[in-house]
Amino acid sequence: MSFIRKNKNIGIDISNLSPNFYGGIDTYLNGILLGFSSGFKNYNFQIYLNEDYFKKRKKNLIFKKNFKYIKISDGIREKFLLKVYNRSLPYLFFLTQKVKFVLDFHLKNLIYSKFRRLVEKNSDVLISPNVVLKCYNLQIPTILNMHDIQHVHFPYYFSYEERRRRELQYNNSAYFASKNIASGEFIKKDFIN
């Protein structure tokens, strides 16, 4: 990707990952970090993560002079707005889907405005390996690694609220990301369809 070659500060957002969940995203993330640590010595990496993830997964992280771990913590304002967002947005039945997409766009950008400023200050490009963008209005290129759309194919695995949130966040993330990465041809065709 040409914009990675042009930029020296590459951010990786894993701030939404739980330190207690071990799954495919962890394997994928470890592969990315390992690859960057060995083949990209002329680049600086800013890994955005939460305090719990840093503490519990410290032994799995890579510590080199071009790797910087930036701990993200939501303040009272962010936590309150996120609670309102999570509890109300899925239940706004009277709104059209298009209006919900616009509302999701503005609410997430408001909730994570502090995160946006921090990322734009430190990074030239942001990679999101954890399937959705934290905010949609970054003024730097974003690379999204959306691994699946299970809520479309297996809706019964998710609660009503989670399906609706995923529908909004996945669509807006895919739309507003500069580049979307699929793990293979099958997933690529699935996303395009």
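Residues numbered from 1 in each chain as written. Predicted model: local features only at pLDDT ≥ 70, side-chain atom pairs only at ≥ 80, totals over all residues. Heavy atoms only, no water.

Mapped onto the elements, Ser37 comes out in helix H2 (residues 24–39). Note on Ser37: relative accessible area 6%, which makes it buried. Among residues more than four places away in sequence, those in contact with Ser37 are Ile62, Lys64 and Phe67. (Helix = DSSP H or I, 4+ residues; strand = E, 2+ residues; numbered from the N terminus. Buried < 20%, exposed > 50% of the residue type's maximum accessible area, 1.4 Å probe, protein only. Contact = heavy atoms within 4.5 Å.)

Next up on the list: the environment of Ser15. Along the chain, Ser15 falls in the loop between strand S1 (9–13) and H2. C-alpha separation for the pair Ser15 and Ile47, spaced 32 residues apart in sequence, amounts to 8.5 Å. Those residues in contact with Ser15, other than ones at most four positions away along the chain, are Tyr48, Leu49, Asn50, Ile72, Phe115, Asn130 and Lys134. Within the structure, Ser15 has its side chain in polar contact with the side chain of Asp13 (distance 2.6 Å). (Polar contact = N/O pair within 3.5 Å; in protein donor to acceptor, adjacent residues only side chain to side chain.)

On to the packing of aromatic side chains. A full pass over the atoms with the stated rule returns 13 aromatic pairs. On the numbers, 4.9 Å between centres and 90° between planes, the contact of Phe36 with Phe40 is edge-to-face. Geometrically, the ring pair formed by Phe105 and Tyr136 is stacked, given 6.1 Å between the ring centres and 10° between the ring planes. Of this pair, Phe105 sits in helix H5 (residues 97–111) while Tyr136 sits in the loop between strand S4 (125–128) and strand S5 (142–145), and the two are 31 residues apart along the sequence. We classify Tyr136 as buried; its relative accessible area is 4%. Members of the aromatic cluster, connected to one another through ring pairs, are Phe36, Phe40, Tyr43, Phe45 and Phe67. A cation over an aromatic ring shows up here: Lys8 above the ring of Tyr43, its NZ or CZ 4.8 Å from the ring centre. Lying across the ring of Phe115, Lys134 places its NZ or CZ 5.0 Å from the centre. (Phe/Tyr/Trp six-rings, centres within 6.5 Å; stacked < 30°, edge-to-face > 60°. Lys NZ or Arg CZ within 6 Å of the ring centre and 35° of its normal.)

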